[in-house]
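Inside the fold
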Amino acid sequence: MTVFRKSTVWAPAAGLLGLALLGLAPAHGQDAPAVHPWLDPALLAAAKGEGSLIVYSSTNEQEGLPLFKIFEEATGIKVEYIRNADSPLMSRVAIEYRANQRAWDLFHTTTVNKLPPPMLTQFEVPEVKNIAPEARDPDKRWYGVYANYNSPAYNTQKVKASDLPRTYEEFSQHKEWAGKVAIDATDNVWLKAMLDYYGEQKGTQIVKDIVAGLQPVLTDGHLAMARAVGAGEYAVALNQFVNLSENVKIAGSPIEVFALDPVALFFGQVGISALAPHPNAAKLAANFMLSQECQQFLAKFGRIPTRHDVASNPPGIVELMQQKKVLTTLLTPDEERKWQRNFDALFKPR
Amino acid sequence: MYCRGLGASLLPARNRTQAREWAALQGVEGLSVANDRMNGRFGFAATSRLAGYLKLSNFVLVTCVMVALWFVFVPLSALFYNAFTEDTGFGPGAFSLENFIEAYSSWQILALFRNSLVFALGTALTTFVLGGLVSWAVERTDAPGAALFHSLALLSFAIPGLLMAMAWIFVFSPNIGWANGLMKNAFGLAQAPLNVYSMPGMIWALSSHYFPLAYLSLGPALRVLDVRMEEAGHVSGGRTWQVLTKITLPLLRPAILSGMLLLFVLGMSSYEVPRLIGRPARIDVFTTDIQSAIIQTPPEFGVASALALTLLLVCIVAVFFYRRATRHAEAFATITGKGYMPTRIKLGVWRWPVASGIGLLFAVALGLPLMTLVWQSFYRNLALPFMGSDAPFTLDNYKFLLSYPIFLAAVKTSVLLAAMAATIVSGLTFVMAWVALRTMPRFGWILDAIAFTPIAIPGVIVGAGILVAYLMLPIPVYNTIWILLIAYVTLYLPYGMRFASSGISQIHRELEEVAEVAGARLGQVFWRILLPLLAPVLLAGWIYVFVLSVRELGASIFLVGPGTHVLGTITLTMWEEGGSYGAVSALGVIQVIPLIVIVASLRWLELHVQRRGEATAAPAAGAERIASSE
């Protein structure tokens, strides 16, 4: 966790709004808008009374800390930021919840929807109306901040674009890729989307053919796999998070995504603790995370926005995905266990 | 004589006559001299022993053991509780055996176990051979470069396991490994001659990382081995190999078995190499399944715990057999009241060839991966040594790290925590090992096994268990550095115990008996006899625990709080979330630097202690000569 020390901005809300109205609000980056439309006056007043905010997030500090610095400077609310991987964060909040510990306010991972509903408060903030409908929880316990599209990727020095399969059925015909195709060992969401799209019998057969023909290498960690494809260790990733492929591509590696039916989609989400010690600050921060300002900031790092008024980086990636059948796939913990077992049974036959 | 000087000469006598008579009966040279030098109060050993039980030192001793047992109890109870209750995904539920059914219902578990055994045994043997060679050259011979090898042996340790495995992939991957590329070009081969994605590749990758442990375990034992015992063997007509097999190796048995036991269990519980090298090769081991359960969202702690119980059983059985094999402790004591003189074998013309051989070993085991990491750290994307690259040389990775939010604060926290954890572990296990070996020779193995159990419990389960316990208990350590310290001490008790246990095995109990007869209190025995004699072993253990603590990850991910980020969690962030190959390599390189400083400082301290010991021994020897002339 990192505590942002108060720097310069404990300015009164009225003064800040006044500056904003004059177009003189402090800039927080080259692309930062001059005003903060997400700065709801009523929420701000209530949030300032609470004074601080505790964020649990799986986003690295390089992105997360500057992001919440924008929030801190705009609101004067001190932010404590704890970064960890999804899985241990889930356990940690469960343990704290059972101990009735009021430990955190805002939860920002790709697994918020897997938390038991009683752990999350129901909320709705003004910016919700601006994000894609599929990124809104009908039960109002979480909202999508960025989109995680699932799509294959390949090393452009190892594979010609003209040789790429046009469907997953064609994958197994590329015997020359045997042992050079990788997939993350936890890609159960992709498997569910495959079986939903093709039907259980056909989908299973396609995957079995791929396993038999290409002997995919199971890897541990999506970014590690994206780097390995970029480095040429593997020629093709059977499935990959598009933003990570793009991230490695932006860094200069010869990696490119391509889209096949189906494209599984889930979200990096934000939720608020039912035991939040600072519930209004949490709502204000959630409103900020769904805002144009926040999503523009995240897009610089290759995160794909859930708002239509924010361009993806690189441009056109959302359009590329939308040309295919996009299946929003959000699993409950029980469903995830079931689909992981199915995945293991298919990819690690015993 | 070194030992005499440290032992008897520093003791205050209570009953000079009694001590002198006892010494004459026991044939302990120099005790009379020592007693003559002592001016103190008189008393009787028997009454002092009785009174001793009520003394502060005993209270401290019992407290140390109780504290250590508490440290072990928390994760152990979490392990059993998780294993035998329904895994609801958000905490344990009702009593259930479902976790065991899920964990063990497939025949695949046997294949995993077989792979784990082969991997662990192969690693233990390879590591032992590598570490043994280095120990012998550094501690027992006059081969040049001993100080350099001593420091180098510890360097590979500082590199996080994930990065070490990554480096070996860059060297010996059949697709991108630069060593394979060079060999293919040189010999015109169509296929890569070596494949890191194999069982030998896994064993080599882990052995190259862990062989400092074998060195740390064997080195101190070899250092204090009384060369006169070997000389006696030679004088009696024994050949070199006979002396080696009949005298040297048996005398080193506690250290060898202790090191092998630790290495075997480490191999069984190792995760990084199976993750990066084993999994792509489809060589799954026991920990692969444990980790698969843990990385689910939410983690399946129940299944992971049920699997970990097998590791625990293996550890307990291993400790039991270790204690059986070393139950006649006196037979392995090379530090006795009769004194010893550490001397080195003179290699003559073989000095440089031996040094070159050890240098070559380091060049391969440490040089290849370290050079790869250093090279890669100056490029953003994959750029391997000798393979040519169009990418520009850059310092950006280091700039990125040094400007990374919380990086420097995490370095500071990690070093502070590691120093505290290493000191506490060394102290606690010193006491526990003494209790296990000296006061309860028959059942001491139980205490030994209890202290060893955390090694079989995955770090994340230790972290989760500690989080649960200290959220419920009225001990305000949640979200502070202290909860991390508790976790680190718990996790590394087994390592400290192995070092302390094998070290105490080498000290004959007659030294303590001499002290007791001479009227020394228990605290004085610890402080003025055992501690100086065990200093090299404890220092080695301290270094080991320090390095492990600096890069601890499993428990930390549950326990970091405001301002207590540690290096391990940043390494994980780099690996999982952003950060190029260059950035993660730079992180590995940066972690080596503080270790170089610390190892050099400790080496200086060690040499200082040794010189002081020799200086103390000199007057004692002089006093002895005076005594014998009386």
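Residues numbered from 1 in each chain as written. Chains lettered and ligands numbered in written order. Predicted model: local features only at pLDDT ≥ 70, side-chain atom pairs only at ≥ 80, totals over all residues.

**Topic: the overall build of chain A**
For chain A, the count of helices and strands is 13 helices and twelve strands. Put simply, of all contacts in chain A between residues at least 6 apart along the chain, 79% involve residues at least 24 apart. (Helix = DSSP H or I, 4+ residues; strand = E, 2+ residues; numbered from the N terminus. Contact = placed C-beta atoms within 7 Å.)

**Quick notes on the overall build of chain B**
The number of helices and strands found in chain B is 28 helices and two strands. Among the 630 residues that make up chain B, the fraction classed as buried is 55%. (Buried ≥ 20, exposed ≤ 12 C-beta atoms within 10 Å, placed from the backbone.)

**Some remarks on the confidence of the model for chain B**
Residues and elements named next belong to chain B. Here chain B averages 78 in pLDDT, and 81% of its residues register 70 or above. Confidence drops under pLDDT 50 across residues 1-44; counting only partners more than four residues distant or on other chains, this segment forms 101 contacts. Across the interfaces of the predicted complex, the ipTM metric reaches 0.73, alongside a pTM of 0.77. (pLDDT = per-residue confidence, 0-100.)

**A few points about the interface of chain A and chain B**
Each side of the interface is counted separately: chain A has 50 residues, and chain B has 42 residues. For the side of chain A that touches chain B, the secondary structure elements donating two or more residues are strand 1 (2-3), helix 3 (61-75), strand 3 (78-83), helix 4 (86-98), strand 7 (217-219), helix 8 (222-231) and helix 13 (333-347) of chain A. When residues of the side of chain A that touches chain B are assigned to their parent elements, the largest contribution, ten residues, is made by helix 4 of chain A. The class makeup of the residues in the side of chain A that touches chain B is 19 nonpolar, 17 polar and 14 charged. (Nonpolar A, V, L, I, M, F, W, Y, C, P; charged D, E, K, R; others polar.)

**Here's the deal with the pairing of strand 10 (residues 263-272) of chain A**
Residues and elements named next belong to chain A. Among the ten residues of strand 10, ten are classified as buried, and the element is accordingly described as predominantly covered. Sheet topology note: the strand 4 (residues 106-109)/strand 10 ladder contains four bridges and is antiparallel. Bridge pairing links T109 to Q269 in strand 10. Of the strand pairs in this sheet, strand 5 (residues 142-155) and strand 10 are connected by eight bridges, and their pairing is antiparallel. Its bridge partner lying in strand 10, W142 is registered against G271. (Pairing = 2+ DSSP bridges.)

**Here's the deal with the domain arrangement of chain A**
Accessible area lost on assembly of the parts is the figure often given for the size of an interface. Residue and element names in this part refer to chain A. Entries for chain A in the domain assignment read domain 1 (2-147 + 267-305) and domain 2 (148-265 + 315-347). For domain 1 and domain 2, the distance between their C-alpha centroids amounts to 31 Å. Tallying the contact residues gives ten residues for domain 1 and 15 residues for domain 2. Across the side of domain 1 that touches domain 2, the residue classes break down as three nonpolar, four polar and three charged. (Domains from an automatic or database assignment.)

**Here we look at helix 22 (residues 459-472) of chain B**
Residue and element names in this part refer to chain B. In a regular helix each residue adds 1.5 Å, so 14 residues correspond to 20 Å; helix 22 covers 20 Å between its end C-alpha atoms and thus fits that length. Within helix 22, eleven of the 14 residues are buried, which leaves the element mostly enclosed by the surrounding structure. Every buried residue of helix 22 is listed here: G459, V460, I461, V462, G463, A464, G465, I466, L467, V468 and Y470. (Expected span 1.5 Å × (residues − 1).)

**Re unusual backbone geometry**
Looking along the chain, the bond that leaves D261(A) and enters P262(A) is cis, with omega of -5°. Residue P314(A) follows N313(A) across a cis peptide bond; omega there is 0°. Position of P314(A) among the secondary structure elements: in the loop between strand 11 (304-305) and helix 12 (317-322). Positive phi, normally seen in glycine, also occurs at Q215(A), with a value near 40°. The topology assignment puts Q215(A) in the loop between helix 7 (200-214) and strand 7. In this model, R282(B) sits at a positive phi of 60°, which is unusual for a non-glycine residue. Along the chain, R282(B) turns up in the loop between helix 15 (272-278) and helix 16 (286-294). Judged by C-beta crowding, with 12 C-beta atoms within 10 Å, R282(B) ranks as exposed.

**What to know about the environment of V60(B)**
For V60(B), the location among the structural elements is in helix 5 (residues 56-83). Each C-alpha atom, one on V60(B) and one on A293(B), is 41 Å from the other, the two residues being 233 residues apart in sequence.

**So, the confidence of the model for chain A**
Residues shown with low pLDDT carry predicted positions that ought not to be read at fine detail. Residue and element names in this part refer to chain A. Looking at chain A as a whole, the pLDDT averages 87, with 90% of positions reaching at least 70. For chain A, strand 1 is the element with the lowest average pLDDT, namely 36, and helix 10 (residues 279-289) is the one with the highest, namely 97. Predicted confidence for residues 1-34 stays below pLDDT 50, and this span has 51 contacts to residues more than four positions away or in other chains.

**Topic: the packing of helix 14 (residues 253-269) of chain B against helix 23 (residues 481-505) of chain B**
Residue and element names in this part refer to chain B. At a minimum axis distance of 9 Å, the contact between helix 14 and helix 23 shows a crossing angle of 170°. By the angle between their directions, the pair helix 14 and helix 23 is classed as roughly antiparallel. Between helix 14, through P254, A255, S258, L261 and L262, and helix 23, the contact on the second element is made entirely by Y495, R498, S501, S502 and S505. Across the contact of helix 14 with helix 23, the residue classes tally to five nonpolar, four polar and one charged. (Axes fitted to C-alpha atoms, helices over the stretch in contact; angles between N-to-C directions. Parallel < 35°, antiparallel > 145°, perpendicular 65-115°, else oblique.)

**A closer look at the packing of helix 17 (residues 301-325) of chain B against helix 21 (residues 444-452) of chain B**
Between two packed helices, what matters for the description is the angle formed by their axes and the separation of those axes. Residue and element names in this part refer to chain B. One way to put it is that helix 17 packs onto helix 21 with a least axis distance of 9 Å and a crossing angle of 140°. As helix 17 packs across helix 21, the resulting crossing turns out to be right-handed. Residue-level inspection shows C315, I316, V319, F320 and R323 of helix 17 in contact with helix 21, the latter providing W445, D448, A449 and F452. Taken together, the residues of the contact of helix 17 with helix 21 break down into seven nonpolar, no polar and two charged. (Left-handed = near helix turned anticlockwise from the far one by under 90°.)

**Structural notes on the pairing of strand 8 (residues 236-241) of chain A**
Residues and elements named next belong to chain A. The buried fraction of strand 8 amounts to six of the six residues, a majority that puts the element mostly inside the structure. Here four bridges tie strand 5 to strand 8, and the two strands are oriented antiparallel to one another. Paired with A153 across the bridge in strand 8 is A237. Strand direction decides the pairing type here: strand 6 (residues 181-184) and strand 8, joined by two bridges, are parallel. Across the sheet, residue A182 finds its bridge partner in strand 8, namely A237.

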